[in-house]
Amino acid sequence: MSEKSKVPAIDKADKIFNYLYYKYSATQSSIAKDLGLSKATVNRLLEVLTNLKYLNFEDKEYTLGEKFYFFSNRNEKYTLLKNVTYPYLEALSLKFKETFKLSVLDNDKIRTISTVESSDIIKVSVSENAIFPLHAGAASKLLICQLSENRLNKLLPKVLSKYTENTIIDREILKKALLKINLQKISYDHMEHSNNIKAVALPILDNRNRIVAAISCPCFPDNLTEEKLELIVEEIKIACEEIGKKLDYFIK
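Residues numbered from 1 in each chain as written. Predicted model: local features only at pLDDT ≥ 70, side-chain atom pairs only at ≥ 80, totals over all residues. Heavy atoms only, no water.

### Things to note about the overall build of the protein chain
Moving on, step 1. Scanning the protein chain for helices and strands turns up nine helices and eight strands.
Moving on, step 2. The C-alpha atoms of the protein chain give a radius of gyration of 23 Å, which is well past the 18 Å a tight globule of 252 residues would have.
Moving on, step 3. For the C-alpha atoms alone, the extent of the protein chain along its principal axes is close to 70 × 40 × 25 Å.
Moving on, step 4. Taken across its 252 residues, the protein chain has 43% of its residues classed as buried.
Moving on, step 5. Of the contacts formed within the protein chain by residues at least 6 apart in sequence, a portion of 55% connects residues at least 24 apart. (Helix = DSSP H or I, 4+ residues; strand = E, 2+ residues; numbered from the N terminus. Rg over C-alpha atoms; globule rule 2.2 N^0.38 Å. Buried < 20%, exposed > 50% of the residue type's maximum accessible area, 1.4 Å probe, protein only. Contact = heavy atoms within 4.5 Å.)

### Some remarks on the pattern of salt bridges
Moving on, step 1. Evaluated as defined, the whole model comprises twelve salt bridges.
Moving on, step 2. We note a salt bridge from glutamate 128 to lysine 82, for which the minimum N-O separation is 3.0 Å. Of the two residues, glutamate 128 sits in the loop between β4 (109–116) and β5 (131–132) while lysine 82 sits in helix α5 (residues 79–96), which places them 46 residues apart along the sequence.
Moving on, step 3. A salt bridge links lysine 109 to aspartate 108; the shortest N-O distance between them is 3.0 Å.
Moving on, step 4. Here the salt bridges do not stand alone but share partners, grouping Glu149, Glu172 and Lys175 into one network. (Salt bridge = Lys/Arg side-chain N within 4 Å of Asp/Glu carboxyl O.)

### Side note on α5
Since the α-helix packs 3.6 residues into each turn, any two residues three or four apart lie on the same face.
Moving on, step 1. With 18 residues, α5 should cover 26 Å at 1.5 Å per step; its first-to-last C-alpha distance of 26 Å lies within 8% of that length.
Moving on, step 2. A maximum bend of about 35° is found in α5 at threonine 85, where proline proline 87 lies one to four positions downstream.
Moving on, step 3. Two residues or fewer past α5, lysine 97 is found with a positive phi of approximately 55°. (Expected span 1.5 Å × (residues − 1). Bend = angle between axes of the 7 residues up to and from the residue.)

Here you go:
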């Protein structure tokens, strides 16, 4: 790298990152001494990098922060989302003895990226990495409800597959349903993808009210009474709000 292309502050920050990668943790004075930087310069850099979450500061020592964890593996782009959400899926599953899953819009399909199944022997089973169509299912409809009409037209097949008698196969009827879902921020599956499954899904939102992911609960119809459904919706809503705040903390 030529001298002209270097940015002094970034170059120094890079030295700090490399130093902490191998050292794991260090005090401000150790960083300044070992890297040959002035204490004033290091103090300013450490303050900025900590505020931006590139560094953590605890017990008077600095370590690499959450941002590196977030960026650490581009091939597993949902790592942070999964790790933040998983404890909530566990708590929901334990409370209601049902299966709960986390889904995202992954290019042209809906993908389940995390799931906690019911502890019952007879249960709805959903594997991690399972894929679903865009137009059928509670999470599916929720995850496409904010897409522009142009993108919807590009993503949706010209002929929507019919999985059950309840599957919405008319594109215009689907678009009207999506408008309602986007307004209410809740989606239901009335046995649209499977004859034996009902489901409800709520969104995890970012700080601009955009849907990042969906938490859903697929149930056997006989298990999903109106009273139980109301409780599940309320608990998922609380979980989604807390997850959204945590994600905002990590990525802002």
